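Residue strings, one per chain:
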Amino acid sequence: MPKTLVAIIAFVTLLSGYLFVTKWHASRYIIRRQDSQGVYFYAAAAGLVLLFYQL
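Residues numbered from 1 in each chain as written. Predicted model: local features only at pLDDT ≥ 70, side-chain atom pairs only at ≥ 80, totals over all residues. Heavy atoms only, no water.

### Quick word on the overall build of the chain
A count of helices and strands for the chain gives three helices and zero strands. Start at the N end of the chain and walk to the C end: the helices and strands fall as α-α-α. Counting every position in the chain, which comprises 55 residues, the buried fraction comes to 20%. Entry remark: accessible area of the chain is about 4600 Å², with carbon and sulfur atoms responsible for 70%. (Helix = DSSP H or I, 4+ residues; strand = E, 2+ residues; numbered from the N terminus. Buried < 20%, exposed > 50% of the residue type's maximum accessible area, 1.4 Å probe, protein only. Areas by Shrake-Rupley, 256 points an atom, 1.4 Å probe, with all protein chains shown as cover.)

### What about the confidence of the model for the chain?
Model confidence for the chain is summarised by a mean pLDDT of 90, while 100% of its residues fall at 70 or above. Of all secondary-structure elements in the chain, the lowest mean pLDDT belongs to helix 2 (residues 25-32), at 86, while helix 1 (residues 3-23) reaches the highest, 92. (pLDDT = per-residue confidence, 0-100.)

### Brief notes about the packing of aromatic side chains
Describing an aromatic ring pair means giving the distance of the ring centres and the angle of the ring planes. Applying the stated criterion to the full structure yields two aromatic pairs. Seen from their ring centres, phenylalanine 20 and tryptophan 24 are 5.4 Å apart, and the 20° between their planes marks the pair as stacked. Ring centres of tyrosine 40 and phenylalanine 41 lie 5.8 Å apart, and the angle between their planes is 65°; this geometry places the pair in the edge-to-face category. (Phe/Tyr/Trp six-rings, centres within 6.5 Å; stacked < 30°, edge-to-face > 60°.)

### A look at the packing of helix 1 against helix 3 (residues 36-54)
Axis separation between helix 1 and helix 3 bottoms out at 7 Å; the angle between their running directions is 105°. Our classification of the angle between helix 1 and helix 3 gives roughly perpendicular. Between helix 1 and helix 3, the contacting residues are Thr13, Leu14, Ser16, Gly17, Tyr18, Phe20 and Val21 on the first element and Val39, Tyr40, Tyr42, Ala43, Ala44, Ala46, Gly47, Leu48, Leu50 and Leu51 on the second. Residue classes in the contact of helix 1 with helix 3 are distributed as 13 nonpolar, four polar and no charged. (Axes fitted to C-alpha atoms, helices over the stretch in contact; angles between N-to-C directions. Parallel < 35°, antiparallel > 145°, perpendicular 65-115°, else oblique. Contact = heavy atoms within 4.5 Å. Nonpolar A, V, L, I, M, F, W, Y, C, P; charged D, E, K, R; others polar.)

Here is the structure:
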């Protein structure tokens, strides 16, 4: 795969995870108490779960 495609997939995965974590009612309050690195890891984990769920 081209490097740009891999970068786009990684970005979209992280963005979708961030949007899911910040908008989902159950995790919205947990995310507000996290520092920026914690939010990044929560978003990455949620994005990977959504990516694998989609496949």
